[in-house]
Amino acid sequence: MGSSEISWKLADHPKLPKGKTVAVVVLDGWGEASPDQYNCIHVAQTPTMDSLKQGALERWRLVKAHGKAVGLPTDDDMGNSEVGHNALGAGRIYAQGAQLVDLALASGKIYEGEGFKYIKECFDHGTLHLIGLLSDGGVHSRLDQLQLLLKGASENGAKRICVHILTDGRDVLDGSSVGFVETLEKDLLKLREKGVDAKIASGGGRMYVTMDRYENDWSVVKRGWDAQVLGEAPHKFQSAVEAVKKLREEPKANDQYLPPFVIVDESGKAVGPIVDGDAVVTLNFRADRMVMLAKALEYEDFDKFDRVRFPKIRYAGMLQYDGELKLPSHYLVSPPEIERTSGEYLVHNGIRTFACSETVKFGHVTFFWNGNRSGYFDPSMEEYVEIPSDSGITFNVKPKMKALEIAEKARDAILSRKFDQVRVNLPNGDMVGHTGDIEATIVACKAADNAVKIILDAIEQVGGIYVVTADHGNAEDMVKRNKSGQPLLDKKGDIQILTSHTLQPVPIAIGGPGLAPGVRFRNDVPDGGLANVAATVMNLHGFEAPSDYKPTLIEVVDN
Ligand SMILES: O=C(O)[C@H](O)COP(=O)(O)O
Ligand SMILES: [Mn+2]
Ligand SMILES: [Mn+2]
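This is a predicted model, so every value here is computed, not measured.

Q: Just to check I follow, could you spell out the domain arrangement of the protein for this structure?
A: How big an interface is tends to be stated in terms of the accessible area lost upon association of its parts. You can read the domains of the protein as domain 1 (26-95 + 337-556) and domain 2 (98-333). Placing the centre of domain 1 and that of domain 2 at their C-alpha centroids yields a distance of 31 Å. Facing the 34 residues of domain 1 at the interface are 25 residues of domain 2. Between the two partners, domain 1 and domain 2, sit zero salt bridges. Seen at the junction of domain 1 and domain 2, the total is seven residue pairs in polar contact (both at pLDDT 80 or more).

Structure representation (structure tokens):
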């Protein structure tokens, strides 16, 4: 349906008034879990969030934020920012990249699509390079998908394949990189036995090499470029297993931040730089941390760093990462087509919108919230503010991040009365939780709680309404546990730190002086998830949600 044919007019809510300022606060990585010393949200002083939970029982509840509730393949898949914010903003559940790639690989349709046909042209004379995150985290990529793609590409004519790996340790346990590389090496050996020249050509830790996002730090992408394209890196090894094991021996080394390395032959020459005539596939299905590399691989005009050499290649993304920019122009699987998001509806219905976060999460409350769409729906109605994040540090060093600045921007936007919706993402619980540093994550949670207070105080002043929720869990559980919930120990007897997200539900609280007295959470949506939030927010702005949206979480009872 073309945008002009859509009827954007929302029906008036029969009971709820218009004209209230609504603050929508997303605490990134803030789930609900049983209280113990590894639950940083529990350990931290979080008086604001505690008061929301204890204050009004009918205005606080939990919602699902993982698995099928957010369009992931199974309920064993933890939530993440992309699918969480997509669901929050779109009000419906879409099959997400992970699942779409699974289906395309299982049916073999991936090999019949335009993207694969495009890269296949290079198979006779060139090398197929696969660049991406090597783990089974399922947030940005999955090892089993890479395995299927390797097999399928070779069966479809690829004779030389180079894999450029990015080690994880963020969506999976730190240290798991070694096992993933060993598994991949076994697969590559099998391919070599079948006559395909398949090998690992370079690598590095995802947070230090390649996978920056929202243009926070181009030097990360440059490090990857130098290794993957130019075949240059400070560390050279003849085997990737050896590389990862050796580089992990450094005292503070971890999978997320391994330095870049290239694999070399006996003469010290890089085995797989990317050259003219080659094909490249970036195998991550998730967009945010691939867009920057996609620009470097695709744009003729590019000034973010000196590429030294810009090889003439055929490049395809696993998915198209940015539908507005049409980037990359070739891709193996079509991304979910998320349309008619709540943000777009609300702007069409006169809701002036303000959105803010710091760089590392800015695209979450804008691009992901708006169904993977960048830019404004109507610049005269919207203002999006990005506060520059610190770059070049791990956030346990500065766990308060820019929470205060985000809250102050939101406060000013609320008090200005120029906006009907003021939406923020507070990154602390998530970004610091990913470092695995428990002390710092406690500080982070306190900082996020304090930011919520500033926003709620502003809402109090203007007689507005607040909705406080989260996109998935992280800081509420910092250890890997056995089935009965006990922390697991590693070989040395230390607890196994969980740097990843969790499967936990997240809280949602509503309130504020502008909330009509009879509003409460319904008890007939027990399975409610993040996708039910959009209709809820539309109601709080005085509108009914479109009929195909997931049902609202609230009802209005006559007092
Ligand atoms: O990209 C990341 O930082 C992690 O893989 C997932 O975190 P996010 O989904 O909260 O961004
Ligand atoms: Mn998140
Ligand atoms: Mn995260």
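Back to the write-up after that little detour.
Q: Looking at this model, I keep getting lost on the coordination of the manganese ion (ligand 2). Mind explaining?
A: Ideal values for angles at a metal depend on the geometry: 109.5 degrees with four tetrahedral donors, 90 or 180 degrees with six octahedral donors. The coordination sphere of the manganese ion (ligand 2), as far as protein atoms go, consists of Asp28 (OD), Ser81 (OG), Asp471 (OD) and His472 (NE2), spread over 1.9 to 2.1 Å. In this model, the manganese ion (ligand 2) sits 4.3 Å from the manganese ion (ligand 3). On the criterion of sequence distance, the pair formed by Ser81 in helix α3 (residues 81-90) and His472 in the loop between β14 (465-470) and β15 (506-511) is long-range, its members being 391 residues apart. Each member of the pair, Ser81 as well as His472, is classed as buried.

Q: It is not clear to me how the UniProt feature "binding site: Mn(2+) 2" (unreviewed entry) in the protein should be interpreted in this structure. Could you clarify?
A: The UniProt record annotates "binding site: Mn(2+) 2" (unreviewed entry) at Asp28, Ser81, Asp471 and His472. Their sequence span is 445 residues, while the largest C-alpha to C-alpha distance among them is just 7.6 Å; these annotated residues converge on one region. From the list above, the largest cavity is lined by Ser81. Structurally, Asp28 is set in the loop between β1 (22-27) and α1 (40-43). On the basis of relative accessibility, which here comes to 0%, the residue Asp28 falls in the buried class. Beyond its immediate chain neighbours, meaning those up to four positions away, Asp28 contacts Ser81, His85, Lys361, His364, Asn425, Leu426, Pro427, Gly429, Asp430, Asp471 and His472. Those residues in contact with Ser81, other than ones at most four positions away along the chain, are Asp28, Asn86, Arg286, Lys361, His364, Phe368, Asp471, His472 and His501. Here His364 takes part through its side chain, which lies 3.1 Å from a polar atom of the side chain of Ser81.

Q: So what exactly am I meant to see when it comes to the site of ligand 1 here?
A: Looking at ligand 1, there are 17 residues lining it, with Ser81, His140, Arg170, Asp171 and Arg289 nearest. Contact distances for ligand 1 include 2.9 Å between an oxygen atom and a side-chain N or O atom of Arg213. In this structure, His472 approaches ligand 1 through a side-chain N or O atom, which is 3.2 Å from an oxygen atom. Summarising the interface, the protein chains cover 100% of the accessible area of ligand 1, which totals 310 Å² for the free molecule. When atom positions are compared with the pocket grids, ligand 1 is found to occupy the largest cavity. Domain assignment of the residues forming the shell around ligand 1 places at least three in each of domain 1 (26-95 + 337-556) and domain 2 (98-333).

How each quantity is defined
- Residues numbered from 1 in each chain as written.
- Chains lettered and ligands numbered in written order.
- Predicted model: local features only at pLDDT ≥ 70, side-chain atom pairs only at ≥ 80, totals over all residues.
- Heavy atoms only, no water.
- Domains from an automatic or database assignment.
- Contact = heavy atoms within 4.5 Å.
- Salt bridge = Lys/Arg side-chain N within 4 Å of Asp/Glu carboxyl O.
- Polar contact = N/O pair within 3.5 Å; in protein donor to acceptor, adjacent residues only side chain to side chain.
- Donors = N, O, S within 2.8 Å, 3.2 Å for Na, K, Ca; no water.
- Helix = DSSP H or I, 4+ residues; strand = E, 2+ residues; numbered from the N terminus.
- Buried < 20%, exposed > 50% of the residue type's maximum accessible area, 1.4 Å probe, protein only.
- UniProt positions renumbered as here; feature names shortened; annotations may be inferred.
- 1 Å grid on protein atoms, 1.4 Å probe; cavity = no way out; pocket = protein on both sides within 12 Å on 5 of 7 lines; lining within 4 Å.
- Near = heavy atom within 4 Å.
- Areas by Shrake-Rupley, 256 points an atom, 1.4 Å probe, with all protein chains shown as cover.
- Sits in = over half its atoms within 2 Å of the grid points.

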